[in-house]
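# Structural overview for review
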Amino acid sequence: VGMLGDGLNDGPAMAAADVGIAISCGLQLTVDAADVVVNKGGQLLLRLAGAVAMAKRGRRLVLQNLALAMAIKLLVMMLAASGQLSLSMGIFTDTGSLLLVLMNGLRPLTWRVPFARDSAAT
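Rules used throughout
Residues numbered from 1 in each chain as written. Predicted model: local features only at pLDDT ≥ 70, side-chain atom pairs only at ≥ 80, totals over all residues. Heavy atoms only, no water. Helix = DSSP H or I, 4+ residues; strand = E, 2+ residues; numbered from the N terminus. Buried < 20%, exposed > 50% of the residue type's maximum accessible area, 1.4 Å probe, protein only. Areas by Shrake-Rupley, 256 points an atom, 1.4 Å probe, with all protein chains shown as cover. Contact = heavy atoms within 4.5 Å. pLDDT = per-residue confidence, 0-100. Expected span 1.5 Å × (residues − 1). Arc of directions from axis to C-beta. Pairing = 2+ DSSP bridges. Axes fitted to C-alpha atoms, helices over the stretch in contact; angles between N-to-C directions.

When helices and strands are tallied, the chain shows five helices and three strands. Taken from N to C terminus, the helices and strands of the chain fall in the order β-α-β-α-β-α-α-α. Among the 122 residues that make up the chain, the fraction classed as buried is 21%. About 8600 Å² of surface is accessible on the chain, with carbon and sulfur atoms providing 68% of the total.

Written out as structure tokens, the structure reads:
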């Protein structure tokens, strides 16, 4: 758990957090309780927010890939168990599902980092 703060009331919460982040223009108590002190709050905080947003998108993508792969595998297993799917079609379907998951996994290559333009401009 991380805590970001700059005031008097943030010191105890930062000390209890796994990672405490303080803005250097805040009170000395907060700066002392923090694990990380940010000198230029705006740019770094935007980058931190962008990293969190990218991590959330990446997690969603992993969950999508897992759900897609499991759904296709379950459908293929049910069709194969009922005798409606030949061995060659099963292999083709398995390869196709692998390619779908791989193509979906390549999507982050086109993602733009949130707030990157704002932090580069200042």
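Attention now moves to the side chain of Asn104. Residue placement: Asn104 occurs in helix α4 (residues 87-105). Every residue in contact with Asn104, bar those within four places of it in the chain, is listed here: Leu61, Gln64 and Asn65.

Confidence along the chain averages 82 in pLDDT terms, with 82% of residues attaining 70 or more. Across residues 118-122 the pLDDT falls below 50, and counting only partners more than four positions away or on other chains, this stretch makes five contacts in the model.

This brings us to α4. In this model, α4 (19 residues) spans 27 Å end to end at C-alpha, consistent with the 27 Å of a helix rising 1.5 Å per residue. For α4, the set of buried residues is Gly90, Ser97 and Asn104. Considered in projection along α4, the buried side chains sweep an arc of 55° and stay on one side of the axis. With respect to the buried face of α4, the exposed residues turned more than 90 degrees away are Ser88, Ile91, Phe92 and Met103.

Right, let's get into the sheet that holds strand β1 (residues 2-5). Sheet strands associate in pairs through backbone hydrogen bonding, adopting either a parallel or an antiparallel arrangement. Read across the sheet, three strands follow the order β1-β2-β3 without closing on themselves; strand pairing throughout is parallel. Two strands in the sheet have a free side with no partner beyond their single neighbour: β1 and β3 (36-38). If you compare each strand with its neighbour and ignore which way they point, the axes differ by 20° on average.

Once that is clear, we can look at the pairing of strand β2 (residues 19-23). In terms of residue burial, β2 counts as a mostly covered element, since four of its five residues are buried. In the sheet, β1 pairs with β2 via four bridges, with the strands oriented parallel. Counterpart to Met3 in the pairing with β2 is Gly20. Both β2 and β3 contribute to a ladder of three bridges, which runs parallel. Paired with Ile21 across the bridge in β3 is Val36.

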